[in-house]
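An overview of the molecular structure
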Amino acid sequence: MGALTDIPLSRLSVARAGTATRVNSAGLIETVAANTARIDHRYDTGTGTWVTAGLLVEESRTNLLLRSAEFDNAAWGKTRLSIAPNATVAPDGTLSGDHLTEDTSVGLTHEVSQAVSAAGTNTFSVYLKAGARKRAQLVAYNATDGNMSPSVFDLQNGSVVAGSHASASIVPAGSGWYRSSITITCTATTLYFLRPDNGSTVYYTGDGVSGVYAWGAQLEAGAFPTSYIPTTTAAVTRNADVATMLLSAIQGWNPAAWSLLIEHEIVKTSPTTTGVIVGIGDGVNFTGSVYLSNNSGGSIGWTPNFTPRPAVAGIHRDAIAIGTDGVGRASANGGAVVSNSASTVQAAPTVLALGKAPWANGNFANGYIRRLQYFPRRLSNAELQALTA
């Protein structure tokens, strides 16, 4: 197929004002400095090991919950439940996981809660671990909207219990921890509840000692959870990741004819806004930029778009190419090659952007970039299909 360059993700320039978190190779959540790439990891339940997920590129988000890892603090209301602070090792490796201990009230819920005024679509997530109680519930409530997205999580088997809301998600975080989340749409100030479950219901008579472990609560505007943002006395914002590379830094860069292969992962389901996976442009102008994006229909575009693939969660292999004829071609996941010659490609692009638009700091993909390869020529249609299969 000719010479190719495997572009190491470590060579990318990542701009991000302020710190952010990632999961390191040991499976611990850690804080990374500003303007630092986040190579993230995930737990492989099949092998019981931590594997590289890729370069994490996210939009800006704010954790609206106070004292995110201090359920004993007055920021959290306690009802028929007490907190044993710092009772177990948390997902960040510190002794900061709290135990939520039920009281002996008869036939009632045992819960912690926090009220937040943030109308719209929000995602509530908490890291949970089984104690004597093996299940827990997340739910949101206000008088206008009622109970929203009530969902029960099995913390022994790492699963969402049948009958839970469709938005419920549970992801292994290692050492018995799971990150559980729900997504709601509310119109008023809302209480966000975390409740132990006795195995069949959250309305039960407590024994005064049993419960579950919790750490790292987060409430953020959006339809899916993003990386953990720790808080204390105030809400905290994690700024966006802007990952770029100058084309001049790519060995053998040929502006007249080139091909890019990118392996990436979409982590959000049914995205409704365009997220650019990879793009090449002058860093300013949209017109004539070359980009691959995922939106409600999925698109690989040269302004205008065309749609050779759906935008679904999971790992994808896509290739885009430009030849001396000015025609753009693309293949996705081994699919038939599609082309677009309706627009003029920029004559002098300068920037390769990953997980964001090459024309502006926007249109974030909110996912992982796993691998990137460059070819200094336009690959044939057969080669494009073979590479993405």
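For the structure itself, consult the block above.
Anyway, here's the lowdown on the structure attached to this text. Here the residue numbers are simple positions, counted from 1 along each chain's written sequence. Under the rules for a predicted model, residues below a pLDDT of 70 receive no local features and side-chain atom pairs below 80 are neither given nor counted, while totals for whole chains, interfaces and linings still include all residues. Each side-chain value is derived from all of the structure's non-hydrogen atoms; neither hydrogens nor water enter the calculation.

Some words on the overall build of the protein
- Counting its regular elements, the protein contains one helix and 31 strands.
- All radius of gyration figures rest on C-alpha atoms, and the globule criterion is 2.2 Å times the number of residues raised to 0.38. For 389 residues, the compact-globule estimate of 2.2 N^0.38 gives 21 Å, and the C-alpha radius of gyration of the protein, at 23 Å, lies within 12% of that figure.
- C-alpha atoms of the protein, sized along the principal axes, occupy 75 × 40 × 35 Å.
- Only protein chains enter the area calculation, which uses a 1.4 Å probe; residues under 20% of their type maximum are buried, those over 50% are exposed, and those in between are partly exposed. Per-residue burial over the protein gives 52% buried out of 389 residues.
- Restricting to contacts in the protein with at least 6 residues of sequence separation, those with at least 24 account for 68%.
- A 1.4 Å probe and the Shrake-Rupley method give the accessible areas. Residues count as covered only by the protein chains that appear here. About 14,900 Å² of surface is accessible on the protein, with carbon and sulfur atoms providing 52% of the total. Strands are runs of DSSP state E lasting at least two residues, helices are runs of H or I lasting at least four, and both sets are numbered from the N terminus onward. Pairs of residues are marked as contacts when any of their non-hydrogen atoms sit within 4.5 Å.

What about the packing of aromatic side chains?
- Stacked, edge-to-face and tilted labels apply to pairs of Phe, Tyr and Trp rings (six-membered ring for Trp) whose centres lie within 6.5 Å, assigned for plane angles under 30 degrees, over 60, and everything in between, in that order. The final tally for this structure, using the stated rule, is nine aromatic pairs.
- Measuring from centroid to centroid gives 6.1 Å for tyrosine 127 and tyrosine 228, while their planes differ by 80°, and the two rings are edge-to-face. Of the two residues, tyrosine 127 is situated in strand β12 (residues 120-130) and tyrosine 228 in the loop between β19 (211-221) and β20 (236-238); the sequence distance between them amounts to 101 residues. The burial state of tyrosine 127 is the same as that of tyrosine 228; both residues are buried.

Focus on the sheet that holds strand β15 (residues 159-160)
- If you walk across this open sheet you meet the six strands as β8-β11-β18-β13-β14-β15, and the pairing is antiparallel. Strands at the two margins of the open sheet, each flanked by one partner only, are β8 (77-79) and β15. The rule for pairing is simple: two strands pair if DSSP sees at least two bridges between them.

With respect to unusual backbone geometry
- For arginine 67, which is not glycine, the phi torsion reads 50° and is therefore positive.
- Relative to the helices and strands, arginine 67 resides in the loop between β7 (61-63) and β8.

Quick look at helix α1 (residues 381-388)
- All of the buried residues along α1 are Glu383, Leu384, Leu387 and Thr388. Angular distribution of buried residues about the axis of α1 spans 120°; they occupy a single face of the element.
- The secondary structure elements touched by the buried residues of α1 are β22 (258-266), β27 (314-322), β28 (328-332) and β31 (367-375). This arc describes the spread of directions from the helix axis toward the C-beta atoms.

Remarks on the sheet that holds β12
- A sheet is described by the order of its strands in space; here six strands give the open sequence β9-β10-β19-β12-β17-β16, paired in antiparallel fashion. In the strand order of this sheet, the two ends are held by β9 (81-89) and β16 (169-174), each with one partner. On average, each strand axis in the sheet is inclined to that of its neighbour by 35°, with strand direction left out of account.
- Bridging between β12 and strand β17 (residues 177-186) involves 10 bridges; their strand directions are antiparallel. Looking at the pairing, asparagine 122 lines up with isoleucine 184 of β17. Angular values range over 0 to 180 degrees, each being the angle between N-to-C directions of two axes fitted as lines to C-alpha atoms, with helices fitted over their stretch in contact.

A look at the side chain of glutamate 383
- Note on placement: glutamate 383 falls in helix α1.
- Overall, glutamate 383 belongs to the buried group, its relative accessible area being 15%.
- Within the structure, glutamate 383 has its side chain in polar contact with the backbone nitrogen of serine 380 (distance 2.8 Å). Polar contacts, as used here, are pairs of N or O atoms within 3.5 Å; protein pairs need one atom able to donate a hydrogen and one able to accept it. Residues neighboring in sequence count only if both atoms are side-chain atoms.

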